[in-house]
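# Topology and contacts: notes
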Amino acid sequence: SKFRFVHDKVHQAVYEMMPEKQRRERHVAFGLVLSSQALNNGNDDLLFIAVGQINRGGPGAVSNPLQKTMIASLNMNVGTKAVSLSDFASALDYFKHGILFLNQNHWENQYALSNELYGAAAEAACEINDPQLVMTFSDQLLSNSKSLEDRLNAMYIVVKSFRRAMLFQESKKFASNMLELLGEELPRPMGDSQLISDIRTMHGVISELSDDSFLNLKRAHDKKQIFIVKAYHELLLLFHIVAPNLMFSVCLRIVQVSLTVGITESSPIAFAHFAVLLLEIGDLSQAHRLGSLALQLAQELNVYGQSSMIIGIVQQYIAWTSEPLQSIAESHLFGYNTGMQAGDIGSSLLNYNFFVSTSFYSGKHLDVVRKISGDFIQELMRQKQKWFVNCTALIHLQALTLIEGPDFDESIYPKHVPSFHEINSTVAQGNRTNLTKHNGVYQLMRAFYFRQYDEMSRAVNILDDFAKKSFTPLKVNVLFGIFYEGLVSFCMARRTKEESWVVKGRNSLSFMKKWQTSSSWNFENKALLLEAELMSLQRNHDQATELYLDSIKSAKNHKFIHEEGIAHELAGYFYHDRGFEADALQSFNQAIRCYNAWGAKAMSQRLVDHIQSDFNLSQSLTARTQVRASIENSLAADALAIQVANIGMSPSPLEGQTKRPHDSD
């Protein structure tokens, strides 16, 4: 016969009538019976339930030391399974319970299990970005380690945890100690002549290595060498933030070990970084080849957790030289999904950060950009991953400014997004080089968008700063910064008549022309527009006219709606300066259409206001009718563009599943 309680309250009343000690003992007893069945049948779901029951009982309900050891091992088992499911919070809970079930003097009598549990707990705490808890477990590991290997593993976890928590100097300190224990030299800066020579030598070695030979490199078996590569991999991520001039020295060392001693699970990422270095020394062909081989190697090694990071590196630092930006944005979204499936949260978030920024630069509708960036910031805050918050906030604020205007109403401002003031305060502290660069680019863009001439005159020297730093990877935001620097320079040259602005504009034009040869899709319209501005400045009117038209056509063909609008607007000023008012008005109308299709209502309104008040149009009925029509068309186009954008809106991490958003349009 079977019996059951007729109501949950009856169940609860009977349960609470039992003495606490008896309740705990029953939980353990039930859990042990269920765990035996789960292990015999290979039923993981039942095993999670069983261990949960045992943990409800707690170590006080178990007196047998052997049984305690068995339960601690069970927690280690299910915690590891939780990690494989990317449920790090639950995993940490299991590891902590496992530690509680360890016997007295466990570091002496249960060293292997203790080391496993504390190490796994520290790793899980690192994944949920709790550095204080990481140190709690790591201190135990460092104090009780009986081997160099165990001590190094503990230090590695600390380095990774401090990096993720943005405690960069603390992370760097532990990293230096770790290298010293490994007997490795400290990384050399890029100014080191021997390092540059070694890089060029390795360039030759890789160039002579066939694809088949590369994909069939021997595997490393020496534990120390495997750990060296693993440690350097973490240093790559750290130095990318705090010491970019040391990054390629680390990258070279991993490649050297991989080619001489054998490849490890961390080797593919190092090869991807070295591909970026090959691009910097001018070998585009080998850069693309090595980037592709790095991804194939990760798949050959079945280290799919590496794939997300490699996609992020290759797409952001190499692919822009040949692939359309719109395609790169979608590749980053794929990289995000790949990382989430593999449990690589950090690489997933890196890719989504790149997806948001590349979507903005490629001309995605601003309502979409505003939504995906705002939701992403909320997700970052939830996961305590603060590193990408400010850079993503800059994109969100940029979209908001273009939609609402520079003085937008703060009542529409999301509370979880840092303000311009807060970001500028962080920049002023001087320890966030990457954020400073991003902030400078967006300030320059806003100054141009809204014709803020005082801000333009204080424009940062993006191209000069980049040129001074050898072997600095080019990113999409820097490329766009250089383009807008050229636009600002020609605008200021026309306004001030100063030759220094012309020189800056010419330098930006040369830079765009250089990359136009490798990717006409991404750079042709930009080079044509800058050259049109130069010809206009030099009063070479016929050539300027053709260049403006070619730039507009190129931007339209390559789906850069925002840059098509800019080209139309600049052509409008060119026509007006020459007295062709009808052509000017037509160009401005087309600019308004493009800005509204992009979602930039504030830019559209600025231009409408300019046509109505500041422009010296004739007072004919035809001219006034055209102005009125441009305003009405802008409102209609805006409504239509928003509807279209909402139909094809890309996902945010908070929609549907937080771990894996649906594929984008």
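Small disclaimer: the values here were computed from a predicted structure and weren't measured. (Residues numbered from 1 in each chain as written. Predicted model: local features only at pLDDT ≥ 70, side-chain atom pairs only at ≥ 80, totals over all residues. Heavy atoms only, no water.)

### Re the overall build of the protein chain
Spelled out, the test is: Numbering of helices and strands runs from the N terminus, with a helix taken as a DSSP run of H or I at least four residues long and a strand as a DSSP run of E at least two residues long. Think of it in three bands: with a 1.4 Å probe and only protein chains considered, a residue is buried below 20% of the maximum accessible area for its type, exposed above 50%, and partly exposed in between. For the area figures, the Shrake-Rupley method with a 1.4 Å probe applies, and any residue is considered shielded solely by the protein chains shown.
Broken down by element type, the protein chain carries 33 helices and 0 strands. Here the protein chain holds 665 residues, and the buried ones make up 55% of them. Split by element, the accessible area of the protein chain, about 29,400 Å² in all, is 50% carbon and sulfur.

### What to know about the side chain of Gln306
Put simply, the rule reads: N or O atoms within 3.5 Å of each other form a polar contact, as long as, within protein, one can give a hydrogen and the other can take it, and as long as residues adjacent in sequence are counted only when both atoms are side-chain atoms. Contact between two residues is taken to exist if any of their heavy atoms lie within 4.5 Å; hydrogens are not considered.
By secondary structure assignment, the location of Gln306 is in helix α17 (residues 304-317). According to the relative accessible area criterion, Gln306 is buried, its value standing at 12%. Reaching out from Gln306, the side chain makes a polar contact with the backbone oxygen of Glu265 at a distance of 3.2 Å. Aside from chain neighbours lying at most four places away, what touches Gln306 is His233, Glu265, Ser266, Ile269 and Ala298.

### Here we look at helix α26 (residues 476-496)
We apply this condition: Every helix has an expected span of 1.5 Å times one less than the residues it contains.
With 21 residues, α26 extends 30 Å between its outermost C-alpha atoms, agreeing within 8% with the 30 Å of an ideal straight helix rising 1.5 Å per residue. Lys497 sits one or two residues past α26 and shows a positive phi near 65°.

### Some thoughts on the environment of Ser267
As for its position among the elements, Ser267 is in helix α15 (residues 267-280). Residues Ser267 and Cys251, spaced 16 residues apart in sequence, show a C-alpha to C-alpha distance of 9.5 Å. The residues touching Ser267, leaving out its near neighbours within four places in the chain, are Val229, Ile254 and Ser258. Separated by 2.7 Å, the side chains of Ser267 and Ser258 make a polar contact.

### Quick look at the nonpolar core
What counts, and what does not: Take the buried residues of types Ala, Val, Leu, Ile, Met, Phe, Trp, Tyr and Cys, join any two whose side-chain atoms come within 4.5 Å, and each joined set is a nonpolar core.
Membership of the largest hydrophobic core comes to 217 residues, with the highest contact counts inside it found for Phe274, Phe360, Tyr449 and Tyr484. Among the elements that line this core, the one with the most residues is α26, at 13 residues.

### Regarding the confidence of the model for the protein chain
Condition: Across the chain, each position has a pLDDT score giving the predictor's confidence in that residue, from 0 to 100.
Looking at the protein chain as a whole, its pLDDT mean stands at 85, while 87% of the residues score no less than 70. Ignoring residues within four places in sequence, the model shows residues 617-621, a span with pLDDT below 50, making 6 contacts including any to other chains. Confidence drops under a pLDDT of 50 for residues 637-665, and excluding neighbours within four residues, the segment shows 62 contacts in the predicted structure.

### Considering the environment of Arg451
With respect to the helices and strands, the residue Arg451 is situated in the loop between α23 (433-449) and α24 (453-457). Taking the C-alpha atoms as reference, Arg451 lies 9.2 Å from Cys491; in sequence the two are 40 residues apart. In this structure Arg451 touches Met456, Glu569, Leu570, Tyr573 and Arg606, once residues within four positions along its chain are discounted. Here the side chain of Arg451 touches Glu569 through a polar contact of 3.2 Å, side chain to side chain.

### Some details on the pattern of salt bridges
So the rule is basically this: Salt bridges, as used here, are contacts in which a Lys or Arg side-chain nitrogen is within 4 Å of a carboxyl oxygen on Asp or Glu.
Applying the stated criterion to the full structure yields 17 salt bridges. Linked by salt bridges that have partners in common, Arg451, Glu569 and Arg606 make up one network.

### Points about the packing of aromatic side chains
Here is the rule we go by: The pairing test for Phe, Tyr and Trp rings, Trp by its six-membered ring, is centres within 6.5 Å, and the orientation test on the planes gives stacked under 30 degrees, edge-to-face over 60, and tilted for anything in between.
Scanning all chains against the criterion turns up 24 aromatic pairs. Ring geometry for Phe448 against Tyr484: centres 6.0 Å apart, planes inclined by 70°, an arrangement best described as edge-to-face. Residue Phe448 is located in helix α23, and its partner Tyr484 is located in helix α26; the two are separated by 36 residues in the primary sequence. Pair check on accessibility: Phe448 and Tyr484 agree, each one buried.

### Overview of the packing of helix α20 (residues 366-382) against helix α21 (residues 389-404)
To keep things clear, this is the line we draw: Here, axes are lines fitted to C-alpha atoms. For helices the fit covers the stretch in contact, and angles between N-to-C directions go from 0 to 180 degrees. The cut-offs work like this: below 35 degrees is roughly parallel, past 145 is roughly antiparallel, 65 to 115 is roughly perpendicular, and the gaps in between are oblique. Take the far helix as the reference: if the near one is turned anticlockwise from it by less than a right angle, the crossing is left-handed, and if turned clockwise, right-handed. Under the scheme applied, nonpolar residues are Ala, Val, Leu, Ile, Met, Phe, Trp, Tyr, Cys and Pro; charged residues are Asp, Glu, Lys and Arg; polar residues are all the others, including Gly.
α21 packs onto α20 with a crossing angle of 150° between their chain directions and a minimal axis gap of 9 Å. With respect to α21, the axis of α20 lies roughly antiparallel. Between α20 and α21 lies a crossing whose hand is left-handed. Across the interface between the two elements, Leu366, Asp367, Val369, Arg370, Ser373, Gly374, Phe376, Ile377, Leu380 and Met381 from α20 touch Val389, Thr392, Ala393, Ile395, His396, Ala399, Leu400, Leu402, Ile403 and Glu404 from α21. Taken together, the residues that form the contact of α20 with α21 break down as 13 nonpolar, 4 polar and 3 charged.

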